[in-house]
Each structure stands twice: as structure tokens, then as C-alpha cells.
There are 2 protein chains.
Amino acid sequence: MATIYQVSELAGVSLATVSRVMNKNTRVSDKTKKKVLDAMEQLGYKPNSIAQSLASNCTNSVGILVSELHGPFFAQMMAGIESELRAAGKHVIITTGHSEEDKEQEGIEFLISRRCDAIILHVEAVSDDYLIKLSKGSTPVYLMSRYVEQLKDNCISLDNQLGGYLATKSILNHGHTQIAYIAGPQFKADAFNRLEGHKQALAEAGIKFDPALFYIGDFNETGGSKGLKHFIDEKLSFTALVCANDEMASGAMKYAREHGYNLPNDLSIVGFDNVIFANYLYPTLTTIDNPVGKMGEMAAKLVLKDVYQNKNLVINRFFEPTLMQRDSSAPLIK
Amino acid sequence: MATIYQVSELAGVSLATVSRVMNKNTRVSDKTKKKVLDAMEQLGYKPNSIAQSLASNCTNSVGILVSELHGPFFAQMMAGIESELRAAGKHVIITTGHSEEDKEQEGIEFLISRRCDAIILHVEAVSDDYLIKLSKGSTPVYLMSRYVEQLKDNCISLDNQLGGYLATKSILNHGHTQIAYIAGPQFKADAFNRLEGHKQALAEAGIKFDPALFYIGDFNETGGSKGLKHFIDEKLSFTALVCANDEMASGAMKYAREHGYNLPNDLSIVGFDNVIFANYLYPTLTTIDNPVGKMGEMAAKLVLKDVYQNKNLVINRFFEPTLMQRDSSAPLIK
DNA sequence: ACCTTAAATGTAAGCGCTTTCATATGCAAT
DNA sequence: ATTGCATATGAAAGCGCTTACATTTAAGGT
């Protein structure tokens, strides 16, 4: 593989000049530039990015830590990040944290030891304090779908409360008034805020929040089926069910169908996230679109702007979810 | 950030010795080893992996090229590759080819210019010749789900014919004899081999392949719905439908349901791949499991063995798919 | 023609490691 | 003690670039 030295020799110039034509930031006369370019062409020269990194103290790589590679968000988020970064000639190093505190920390240390220019984290197990301390280090840290006040400039987050509001609001608009709610684990900020949105919509409609029609699930399918089972076993009266994510909505739909419900006429169901399979469910799931792909793109843009001095990028750190009306929810039949 | 030089100073030894205790391959006396380790500890020393790469001509990184990050296989494949490689201290650099020839080539060049120690490709647009030429270069090339005779030692592939056979066989076992088939684009080896398996199963059962009950789809949902529409419009008689992938099976299921079919009683449907949403469909989709996760792991192991001299790994280049019997196919009701 | 100044190019010192080769050390055998 | 040998350690070159600084070149003003 040709080196910069061979190029300089063939072109009859110094190493520095070759480096200059590669880095385009200092002026080189057109004549010598051409000589150098020709020599590169002739030798099939490709700069050694490792040597560049060492000399310039910039690896052109961004580390990404996600919970699970096969989780529903990861792929879309990654697609967003990768396309932005790749277009800028940067690359992405990926690792996983499996939602466990020590594995997340280990993954972060791994990325830092690889000398990533920045890291984008989608973590849940690690504490806010840890993140704050981490961000004092030399590697810039960005957070996806997690808001930490002290790090607010580095957070890309979703307005979960608005999402929760929209979900319940869509059901209210359909004339429902007896609405059950299956929440996610309340120590997770997302779950908490979605519930807040639900309560807000109810309050606005003059309906008081009924603790009996409230169940805390685990964000998995079983959480949804257990939740619905609970409401049914308690012989409660309700015509709609709002779930804090799509997995639980799917679990609830399965349970409902197995117990003779005709969806959506007997029960309207709404999810949250608009994961890939929402559109494959039967009936197709009405849900709140969580624009993770767009948020990934934005995280990448933020890195490009902050770390790689790509000045004129417009940054939006706060995303608004939208309603995806499909077939699992419908107007109340009196 | 501490350098090896500072460690050597604090420990009162030479650079070389510090390097030796890091690389564990040459003997260092226990006494000096301890001094060095203590010094590292005290300084919080982390080796600079970039400098290591430059000096050792080994980047400890493996490039991965996939068609789409949000495609159904990618996540599982990646999860397999990443977990294996990460455990060995290597990392993964990811990029996409979007199934377009020039983008795939560009992605490959990008990975090579990053000096990956090996690249794992999941490509479809690029030609066999290109791959053969590529593998003559200095970066070892591995192929996922693609078999090229000349590169057979570097291919991890699935027995698609067996899969096609199993799919149709399961339907035959249910007593069906009028079986429609929606194939994938026949220039794709996977699609071709799956069809071969289908024919083999028919032949074995003494049923002759009927070109009227055969349709070539596009591997997307629309291919499935169009295929089924075609069969119905032609007023053909069939009680089962085998599709060459799950997307088409899903499309066919939607079309069937919209046209009053009661699944699986009016029509048994089988897919192929067992993508993540197969289990979320209604009824849940009977399909052929494509063990992409395992194949990803194996690709990583192969790299570990070939490139990183990890001798005692057992390699299996050929994977066998298995039947996932679910609710979308059932015994024929006479 | 001569001096000044800006632009173009060259020189050489790193970046933080690995690794070859040379040297020092310790120990057993004489 | 002396030799020999294996083992432990050090010195220094080099991996392929970037970049501060020094030097050369060209152009403009008098």
C-alpha cells in the first residue's frame, strides 16, 4: 500500500505538500496540486486513516452505545446516525449495554479507550450522576431519549408527555370516557411522562383519573396481557385501553382476541412508539410515532456541529411525537 | 491522558518493558511486572489504541457492510457478530450499501481505507467477479448469506433449498395437495434455491409442479398481495400458499383477510426467514427459521480464527434452517 | 535593479505505541 | 572464581501521517 512518502517522491515535492493537498486547508499552487493528485492517482494512494488519527489526535469515529442491537429502536436510530455521519466521512463504532449498569459502563469505557471523538449513548441503567461525571472527561457525551438537566445541551429527547396526551386525546375524540391505562415502570422517565400526558388529557376532558383503571406493566408483551387480564378479572367497565408502548399493546391485543373480543369494536387499543411491527399487527395498531430515526440524525448533526466544527447545522434537541391513527382504535359504538 | 512513557518513568523501567507487560507475550519478571501494573493503576493509564494500531499494523476492527440498517436481518446478524467480537476486544465498524452496486463498492472501499483487519459483507448488488478480485487484496473478505464457489472458505451460508423443502413439506404433511407458490426474484440465489426445495418436496410427494400456481414476487409485502390476487383472479383452486419470505407472506395474509378468507382454515400460509414480526402477525406465521444471529456469530468466529489466530474455534460454514410451526398453516379440512 | 512582503514549499519534530537487536543480569556448572 | 547460557531489560528505529517553523520563490513598489 502506497504511503504519503512515495507520493511525495513521485510528485517531486515534500511530504508536507502532499499532506496539504489532502487536507485542503492551506493553499497549494495549482501546478503542484496537480502533480500531487496525479501521483496519488497513479499509485492508487489511500491515506492511512490510523496514521492520520494518531498525528491529528482525531479518530473520525463516533461511539454508539445502545441497550440491544435487536431492540425495536436501535435499527432506526442507527440508520439515522449512520447516514449523517457517513456522509461526513466519519464512522460509527457500536457496542451494547444490555440495560445493565456494569455492562453499560464497560461499554462506555471501551468506546473511550478506542479514542472516539464523541459518544452517543442510549442508556437506561447508568445513573445521572455517572453521566454528569462522565461528561466532564475529555470525550464529549451525547444522550438519546434521556434528559439530564445539567447536560441539556447534549440531550436529544422526545416530548413523552405530549405523546401520552395525544394518545389519550385521540381516544377521547372517539367518544370514549371509560379508559384503562397500562403504564410502564414508573422509575423510567419516559413511562412517567407518558402517564402525565394521559392524566393531562383526562383532566382537560373533565374526567377524573381512576386508579382502578390503572396498571403498571413491564414494557413487554406480558405486561400488556397481564394488565388487560387484571382489568377484566376485576370486572371493570371500560371501552378503550391506552398502553405506554407497543409491546404491551400487542400483548393486550392478543389477550383480548383470545378472550373473544372483536377489535376495535369491543375495545379500542392505542400503543406508543410506532415500532416496526405496529403495522403488522391485526388490526394495525393506532399508536404514537416516536421519531427515533430523525432523532438519530439529529444526534449525528449535533456531534458534527460541536465536535467537527460543522458550523451551519440547525439543531433541534426536542422532538414532538405524532399520532398514527390506524385500525385498532375506533369511535365508540353506543 | 497518561502515556506509556509516563508509566515507564513512574515505574522506573523502559518503554519496552511497559509494552511487554501490556502484551503479555514476552516474559517479564514478576517484580517489574508489579511495578508497572502499580504505575498504570496510579496514573489511570489506558493504552491509546490508535497508536497501538499504527505500530502493530492491526486495528482490531472488523468492517461490516449490510444492505439496510433497518432491514429485518441486520439487527440479529449484528447482535451475533458484535457479541463475539466484543468479547475478544475487537470492535465493529458498520456501513450500508442500500443494495446498490456503486454504494456497496463505495462502502467496501470506505471500510478498507479505515484499515479494518477484515470485512464481513452482506451484499447483493455487487458481482461475484468483483468479490473475487476484492478478496485478492490485503483485507480478508467474508461473505454472509452468499455463496461464491471460489471463496467458499470465506462464506457463511444457509441451505435455502432445504428451507424451501421444509416449508412445502410441512404443508404436504398437513394433507394439502394444491399448493400455490410465490417466489422471490430468480436472479437472487436465495430465491432460486428456495424454489428448488419447493419443487423437490412436490416431486417427492408425487405432485407435479404447476406453473399456473407459481408467481414471482419482489420479496416485499406488495409481492405477496399481488401474487395472491393473481391466483384468485385466475380462479385457481388451491388450499395452501407458500411464500419465499415473510414479507410476502404478510402481504398475502392481509390480502386474504381483506377478501374474506378465514385463516388458516380457508388457506394455509407459510413464510420464510422467521423475521421478528412473524410472531406478531395474526394468525402467527408458520415459517422457516433463518438463523442469521447464529450465522453472524459464526462469521465473527471465522474472523477470529483466520485473522486473529484464535486457533481452537470450531467453524461451521453451512447452516440448516428449521420449521417454525405456528398458526397460519393447519391441516386441510376436507 | 533592489527591497519588502506575501504566498508556496520544505524541514523536522512529534503523535504513542511495537519490536528488533543489543546489553545486562542471574544462576548453574565447572 | 570463571565460563556459559538463558532470561530480563533497555535503546532506538519506525509505523504514516500532521504541523509549527524555517526557507525559498514570486511579485509589486520604489
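Reading the values: rules and limits
- Residues numbered from 1 in each chain as written.
- Chains lettered and ligands numbered in written order.
- Predicted model: local features only at pLDDT ≥ 70, side-chain atom pairs only at ≥ 80, totals over all residues.
- Heavy atoms only, no water.
- Helix = DSSP H or I, 4+ residues; strand = E, 2+ residues; numbered from the N terminus.
- Rg over C-alpha atoms; globule rule 2.2 N^0.38 Å.
- Buried < 20%, exposed > 50% of the residue type's maximum accessible area, 1.4 Å probe, protein only.
- Contact = heavy atoms within 4.5 Å.
- Areas by Shrake-Rupley, 256 points an atom, 1.4 Å probe, with all protein chains shown as cover.
- Lys, Arg positive; Asp, Glu negative; His and termini not counted.
- Charge placed at Lys NZ, Arg CZ, Asp CG, Glu CD.
- Pairing = 2+ DSSP bridges.
- Axes fitted to C-alpha atoms, helices over the stretch in contact; angles between N-to-C directions.
- Salt bridge = Lys/Arg side-chain N within 4 Å of Asp/Glu carboxyl O.
- Core = buried A, V, L, I, M, F, W, Y, C linked by side-chain atoms within 4.5 Å.
- 1 Å grid on protein atoms, 1.4 Å probe; cavity = no way out; pocket = protein on both sides within 12 Å on 5 of 7 lines; lining within 4 Å.
- Points joined across faces, edges and corners; volume = space filled by probe spheres on them.
- Nonpolar A, V, L, I, M, F, W, Y, C, P; charged D, E, K, R; others polar.
- Buried area = accessible area lost by both parts, 1.4 Å probe.
- Polar contact = N/O pair within 3.5 Å; in protein donor to acceptor, adjacent residues only side chain to side chain.
- Domains from an automatic or database assignment.
- Phe/Tyr/Trp six-rings, centres within 6.5 Å; stacked < 30°, edge-to-face > 60°.
- Near = heavy atom within 4 Å.
- Arc of directions from axis to C-beta.

### Comments concerning the overall build of chain A
So, step 1. A count of helical and extended segments in chain A gives 12 helices and 12 strands.
So, step 2. The C-alpha atoms of chain A give 26 Å as radius of gyration, which overshoots the globular expectation for 334 residues (20 Å, by more than 25%).
So, step 3. Once the C-alpha set of chain A is aligned to its principal axes, its extents read approximately 85 × 35 × 35 Å.
So, step 4. Each of the 334 residues in chain A was classed as buried or not, and the buried ones make up 51%.
So, step 5. Taking the contacts inside chain A whose residues are at least 6 apart along the sequence as the reference set, 68% of them involve residues at least 24 apart.
So, step 6. Just so you have it, chain A exposes about 15000 Å², and 51% of that area is on carbon and sulfur atoms.
So, step 7. When the 34 basic and 38 acidic side-chain charges of chain A are each reduced to a single mean position, those positions are 8 Å apart.

### Considering the sheet that holds strand β6 (residues 179-183) of chain A
Residue and element names in this part refer to chain A.
So, step 1. Pairing in this open sheet of 4 strands is parallel, and the strands run β7-β6-β8-β9 from one edge to the other. Edge positions in the sheet fall to β7 (214-216) and β9 (268-270), since each of these pairs with one other strand and no more. For this sheet, the mean angle separating the axes of adjacent strands, direction not counted, is 15 degrees.
So, step 2. As judged from the 3 bridges shared by β6 and β7, these two strands associate in the parallel manner. Among the inter-strand pairings, isoleucine 182 is bridged to a residue of β7, identified as tyrosine 215.
So, step 3. Contacts from helix α9 (residues 189-204) reach β6 and β7 within the one sheet, and its direction differs from that of β6 by about 165 degrees.

### Focus on the pattern of salt bridges
Residue and element names in this part refer to chain A.
So, step 1. Evaluation of the coordinates by the stated rule reveals 20 salt bridges over all chains.
So, step 2. Of the charged contacts, one joins arginine 146 and aspartate 128 as a salt bridge, the two residues approaching to 2.6 Å between their closest N and O atoms. Here arginine 146 is found in the loop between β4 (141-144) and β5 (155-158), whereas its partner aspartate 128 is found in helix α7 (residues 128-134), with 18 residues between them in sequence.
So, step 3. Judged by its relative accessible area of 14%, arginine 146 falls in the buried class.
So, step 4. Note on aspartate 128: relative accessible area 34%, which makes it partly exposed.

### Things to note about the nonpolar core
So, step 1. By size, the foremost hydrophobic cluster in this structure holds 144 residues, and its most contacted members are Ile64 and Leu241 of chain A together with Ile64 and Leu241 of chain B.
So, step 2. Here this core takes 8 residues from helix α12 (residues 292-306) of chain A, the largest share from any one element.
So, step 3. Beyond its immediate chain neighbours, meaning those up to four positions away, leucine 241 of chain B contacts Ala180, Tyr181, Ile182, Leu228, Phe231, Ala252, Leu267, Ser268, Ile269 and Val270 of chain B.

### Quick word on empty space enclosed by the protein
So, step 1. In total, this model carries 2 cavities of 30 Å³ or more according to the counting rule given.
So, step 2. Each pocket or cavity is described by its volume, and for the largest cavity that value is around 170 Å³.
So, step 3. Surrounding the largest cavity, 16 residues form its lining, Ile50 and His91 of chain A together with Ile50, His91 and Ile93 of chain B being those nearest its centre.
So, step 4. The residue inventory of the lining of the largest cavity, partitioned by class, reads 4 nonpolar, 10 polar and 2 charged.

### Observations concerning the interface of chain A and chain B
Note: interface size is frequently given as the accessible area lost on complex formation between the parts.
So, step 1. Taken together, the contact pairs 43 residues of chain A with 43 residues of chain B.
So, step 2. Both faces combined, the contact of chain A with chain B buries some 4300 Å², and carbon together with sulfur accounts for 60% of it.
So, step 3. Of all residues in chain A, Arg114, Arg115 and Tyr280 of chain A give up the largest surface area on contact with chain B, accounting jointly for 18% of the area buried on that side.
So, step 4. There are 2 salt bridges connecting chain A and chain B.
So, step 5. For glutamate 106 of chain A, the salt bridge is made with arginine 86 of chain B, and the minimal N-O distance between the two is 3.9 Å.
So, step 6. The interface formed by chain A and chain B contains 14 residue pairs in polar contact (both at pLDDT 80 or more).

### Quick word on the layout of surface pockets
So, step 1. Size it by volume and the second largest pocket reaches roughly 1100 Å³.
So, step 2. What lines the second largest pocket is a set of 40 residues, and nearest its centre among them are Ile112, Ser113 and Arg115 of chain A together with Met1 and Lys46 of chain B.
So, step 3. Breaking the lining of the second largest pocket down by element, the ones donating at least two residues are α4 (49-56), α6 (101-113) and α7 of chain A together with α2 (15-23) and α4 (49-56) of chain B.

### Overview of the domain arrangement of chain A
Residue and element names in this part refer to chain A.
So, step 1. Assigned domains of chain A: these are domain 1 (4-47), domain 2 (59-159 + 292-321) and domain 3 (160-290).
So, step 2. Here domain 2 and domain 3 have C-alpha centroids that lie 30 Å from each other.
So, step 3. In this complex, domain 2 contributes 11 residues to the contact, which on the side of domain 3 involves 16 residues.
So, step 4. Summed over both partners, the interface of domain 2 with domain 3 comes to about 1000 Å²; 52% of that surface belongs to carbon and sulfur atoms.
So, step 5. Taken as a group, Leu158, Asp159 and Pro321 account for 47% of the area that domain 2 buries against domain 3, more than any other trio of residues on that side.
So, step 6. Our count for the domain 2 to domain 3 interface comes out at 1 salt bridge.
So, step 7. A salt bridge links glutamate 124 to lysine 188; the nearest nitrogen and oxygen atoms lie 3.7 Å apart.

### Considering the packing of aromatic side chains
Residues and elements named next belong to chain B.
So, step 1. All chains considered together, the criterion is met by 12 aromatic pairs over all chains.
So, step 2. Here the aromatic rings of tyrosine 181 and phenylalanine 214 are separated by 6.5 Å at their centres, their planes lie at 15 degrees, and the arrangement is stacked. Taken together, the residues span a long stretch of sequence, with tyrosine 181 in strand β6 (residues 179-183) and phenylalanine 214 in strand β7 (residues 214-216) at a distance of 33 residues.
So, step 3. Tyrosine 181 gets classed as buried once you look at its relative accessible area, which sits at 2%.

### Some words on the protein's contact with DNA strand C
So, step 1. Around DNA strand C, the surrounding shell holds 26 residues, and the nearest of these are Thr17, Arg20 and Thr32 of chain A together with Ile4 and Ser19 of chain B.
So, step 2. Within 4 Å of the protein, the contacting atoms of DNA strand C are 62% sugar and phosphate, with bases supplying the remainder.
So, step 3. One nitrogen or oxygen atom from the side chain of threonine 17 of chain A is found 2.7 Å from a phosphate oxygen belonging to DNA strand C.
So, step 4. Separating a base oxygen of DNA strand C from a side-chain N or O atom of arginine 20 of chain A is a distance of 2.3 Å.
So, step 5. When residues of the surface near DNA strand C are traced back to their parent elements, those giving at least two are α2 (15-23) and α4 of chain A together with α2 and α4 of chain B.
So, step 6. Of the residues belonging to the surface near DNA strand C, the class tally is 12 nonpolar, 11 polar and 3 charged.

### Looking at α4 of chain B
Since there are 3.6 residues in each turn of an α-helix, residues three or four apart along the chain are aligned in direction.
So, step 1. Inspection of α4 of chain B places Ser49, Ile50 and Ser53 of chain B among the buried residues, and these make up the whole buried set. Seen end-on, α4 of chain B carries its buried residues on one side only, within an arc spanning 105 degrees.
So, step 2. Along its buried surface, α4 of chain B packs onto α4 and α6 of chain A.
So, step 3. The N-cap residue of α4 of chain B is asparagine 48 of chain B: its side-chain oxygen and the backbone nitrogen of isoleucine 50 of chain B are 2.8 Å apart.
So, step 4. Note on α4 of chain B: the residue one or two positions beyond its end, asparagine 57 of chain B, has a positive phi of about 60 degrees.

### Looking at the sheet that holds β6 of chain B
Residue and element names in this part refer to chain B.
So, step 1. On the basis of which strands lie adjacent, the open sheet formed by 4 strands has the order β7-β6-β8-β9 and parallel pairing. A strand with exactly one partner marks an edge of an open sheet, and here the two such strands are β7 and β9 (268-270). Neighbour to neighbour, the strand axes of the sheet diverge by 15 degrees on average, direction disregarded.

### Let's talk about the protein's contact with DNA strand D
So, step 1. Ile4, Ser19 and Tyr45 of chain A together with Arg20 and Thr32 of chain B are the nearest of the 25 residues found near DNA strand D.
So, step 2. Near the protein, meaning within 4 Å, the atoms of DNA strand D are sugar or phosphate in a fraction of 64%, with bases accounting for the rest.
So, step 3. Contact distances for DNA strand D include 2.4 Å between a base oxygen and a side-chain N or O atom of arginine 20 of chain B.
So, step 4. Interatomic distance of 2.9 Å between a side-chain N/O atom of serine 29 of chain B and a phosphate oxygen of DNA strand D.

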